[in-house]
Amino acid sequence: MRTALFFCAALAAAVPALAADAPPPAKPFVLPHGTKDIQKTVAGDYTLDPNHVGVIAKVSHMGFSLSIFRFEKAAATLTWDPKAVGKSRLSATVQTGSITSNVPGFAAELVGEKYLNATAFPEATFVSTAFHQKDATHGTVTGTFALKGKSATVTFKVTLIGAGPGFAGAPVMGHVIGIQAEGAINPQDFDMGPFFKEPIHLVIDGEFDHKD
């Protein structure tokens, strides 16, 4: 009887010490969700998430419809400050050889010398020269668009899709800015041949990530 009482007393004395050494309980995982509040962003350098980006070109099909082309490889960096939007900077590249089409064999033709000439000019680039905020979720970014050794000034209308803390393959990440940008280029400025005469509309959807 005494042995049992001694054991119970010893166990009771040890429990607080064991509890003190135990790791704190894990915080419950909260699924992140973007908000329309640009103030949810943090200032710093952001990188385009390659898993959450779409670069679409909408091209007139001889005035009958719009043909849709997608570029599969893009990269970009963004320097951002929500308190000084006008000082932001963006630099982006698209691999011209990564174009796709639902017309069999047409993508291979487009990357050839007659059109994009991707072997000689593997990248299209955009470097910003001005950011202008219109309201809480809209603005414009103007910059120099370069393709096939030629360049022109292009302005994109930008819409904030969502911003705030996020994650990328792990419960904890940094901050995310998700946008959609729309602009247009004149194909004749870039020697795209007689088939492309009307403006080519560009739509970019993407997420920029800032690691804490």
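In this text, all values refer to a predicted model and were calculated from it rather than measured experimentally. (Residues numbered from 1 in each chain as written. Predicted model: local features only at pLDDT ≥ 70, side-chain atom pairs only at ≥ 80, totals over all residues. Heavy atoms only, no water.)

Things to note about unusual backbone geometry
Next, step 1: One non-glycine residue, Met-62, lies in the positive phi region at around 55°.
Next, step 2: The backbone of Asp-191 sits at a positive phi, close to 55°, despite the residue not being glycine.
Next, step 3: As for its placement among the helices and strands, Asp-191 is situated in the loop between strand E9 (175-185) and strand E10 (200-210). (Helix = DSSP H or I, 4+ residues; strand = E, 2+ residues; numbered from the N terminus.)

Some details on the pattern of salt bridges
Next, step 1: Across all of its chains, the model carries 1 salt bridge by this definition.
Next, step 2: Between Arg-70 and Glu-72 there is a salt bridge, and its shortest N-O distance comes to 3.5 Å. (Salt bridge = Lys/Arg side-chain N within 4 Å of Asp/Glu carboxyl O.)

So, the nonpolar core
Next, step 1: Membership of the largest hydrophobic core comes to 43 residues, with the highest contact counts inside it found for Leu-78, Phe-145 and Phe-208.
Next, step 2: What Phe-208 contacts, discounting residues up to four positions off in sequence, is Tyr-46, Thr-47, Leu-48, Ala-76, Thr-77, Leu-78, Leu-90, His-175, Val-176, Ile-177 and Ile-179. (Core = buried A, V, L, I, M, F, W, Y, C linked by side-chain atoms within 4.5 Å. Buried < 20%, exposed > 50% of the residue type's maximum accessible area, 1.4 Å probe, protein only. Contact = heavy atoms within 4.5 Å.)

So, the pairing of strand E3 (residues 74-80)
Next, step 1: As paired strands, strand E1 (residues 44-60) and E3 are joined by 4 bridges and run antiparallel to one another. Considered in E3, the bridge of Asp-45 is made with Thr-79.
Next, step 2: Across 6 bridges, E3 lies against strand E4 (residues 89-95) in antiparallel orientation. Bridge pairing in E4 links Thr-79 to Arg-89. (Pairing = 2+ DSSP bridges.)

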